[in-house]
Amino acid sequence: MTRCAVDVALVHYPIRSRTGEIVTTSVTNLDIHDIARAGRTYGVRAYHVVTPLEIQRRLVEGVAAHWVDGPLRLRGPERAEALSLVRTAASLADVVRSIRDEEGVEPLVVATSGRPRGRPTVGFEDLRARILSGPTPVALCFGTGWGLADDAFDRADLLLDPVMKGGGYNYLSVRVAVGIILDRLLGDR
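Residues numbered from 1 in each chain as written. Predicted model: local features only at pLDDT ≥ 70, side-chain atom pairs only at ≥ 80, totals over all residues. Heavy atoms only, no water.

### Some points on the packing of helix H1 (residues 29–41) against helix H2 (residues 54–68)
It is at 10 Å that the axes of H1 and H2 come closest, and there the two elements cross at 50 degrees. Classified by the angle their axes make, H1 and H2 are oblique. When you trace H1 past H2, the crossing you get is right-handed. Contacts between H1 and H2 involve Asn29, Ile32 and His33 from the former and Val60, Val63 and Trp67 from the latter. Of the residues belonging to the contact of H1 with H2, the class tally is four nonpolar, two polar and no charged. (Axes fitted to C-alpha atoms, helices over the stretch in contact; angles between N-to-C directions. Helix = DSSP H or I, 4+ residues; strand = E, 2+ residues; numbered from the N terminus. Parallel < 35°, antiparallel > 145°, perpendicular 65-115°, else oblique. Left-handed = near helix turned anticlockwise from the far one by under 90°. Contact = heavy atoms within 4.5 Å. Nonpolar A, V, L, I, M, F, W, Y, C, P; charged D, E, K, R; others polar.)

### Focus on the pairing of strand S7 (residues 138–143)
For S7, the tally of buried residues reaches six of six residues, placing the bulk of the element in the interior. The alternating pattern of S7 places Val138, Leu140 and Phe142 on one face and Ala139, Cys141 and Gly143 on the opposite face, and all of these are buried. The pairing of strand S1 (residues 6–11) with S7 spans six bridges and is parallel. Residue Asp7 lies in a different strand from S7, and its bridge partner there is Ala139. Judged from the four bridges that link them, strand S6 (residues 108–111) and S7 form a sheet pairing that is parallel. Each residue of the ladder has a partner; that of Leu108, found in S7, is Val138. (Buried < 20%, exposed > 50% of the residue type's maximum accessible area, 1.4 Å probe, protein only. Pairing = 2+ DSSP bridges.)

### A few points about the nonpolar core
The biggest cluster of nonpolar side chains holds 38 residues, and the ones touching the most others in it are Tyr47, Leu127, Leu140, Leu182 and Leu185. For this core, the element with the highest residue contribution is helix H7 (residues 174–186), accounting for six residues. If sequence neighbours within four positions are ignored, Leu127 has contacts with Leu108, Val110, Val122, Leu140, Leu160 and Leu185. Membership of the second largest hydrophobic core comes to 18 residues, among which are Val50, Val95, Cys141 and Ala156. (Core = buried A, V, L, I, M, F, W, Y, C linked by side-chain atoms within 4.5 Å.)

### Some words on the sheet that holds strand S8 (residues 158–159)
Reading across from one edge, S5-S4-S1-S7-S6-S8 is the order of the six strands in this open sheet, with parallel pairing throughout. The outermost strands of the open sheet, each flanked by one partner alone, are strand S5 (86–89) and S8. With two bridges connecting them, S6 and S8 associate as parallel partners. Bridge pairing in S8 places Ala111 opposite Leu159.

Quick look at the structure:
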């Protein structure tokens, strides 16, 4: 699969905590690996792990380098290929700037949420059509913890419909949500 002009950003700040406070969440090893693998499967251009904490950015970079340039490169070439998509950023603004610098145009920033947010959303088919018609790059932003804080939504150009399947229960891990959304937007039809 060829790479498309879609970047995934996993945001660790600004995030809402269970009690509604604005917090920075911890990076997890599973998110690094699994979202990189989903990104590579669906041909995303890059996978940005966004955290203001330098120590966590170094951790992410170290994990990726261990597979891409380190001793595990030969043992797991598929994983190395996926982890080569990983980048780090201190903020969502840094991600947008990076995409703009590389692509030469401002990206369309699309926020995601597991629940309705009381503002207009774009459907999966509409966003898929925009992506496939190009040439504007898209930054898909996913929150950790209890989701993106209002500030992150305010910076987004669009809010994507939540992944819903009736019954009222909607508590997916971010890794699963990323996979579902990438399939809906970039999967074979």
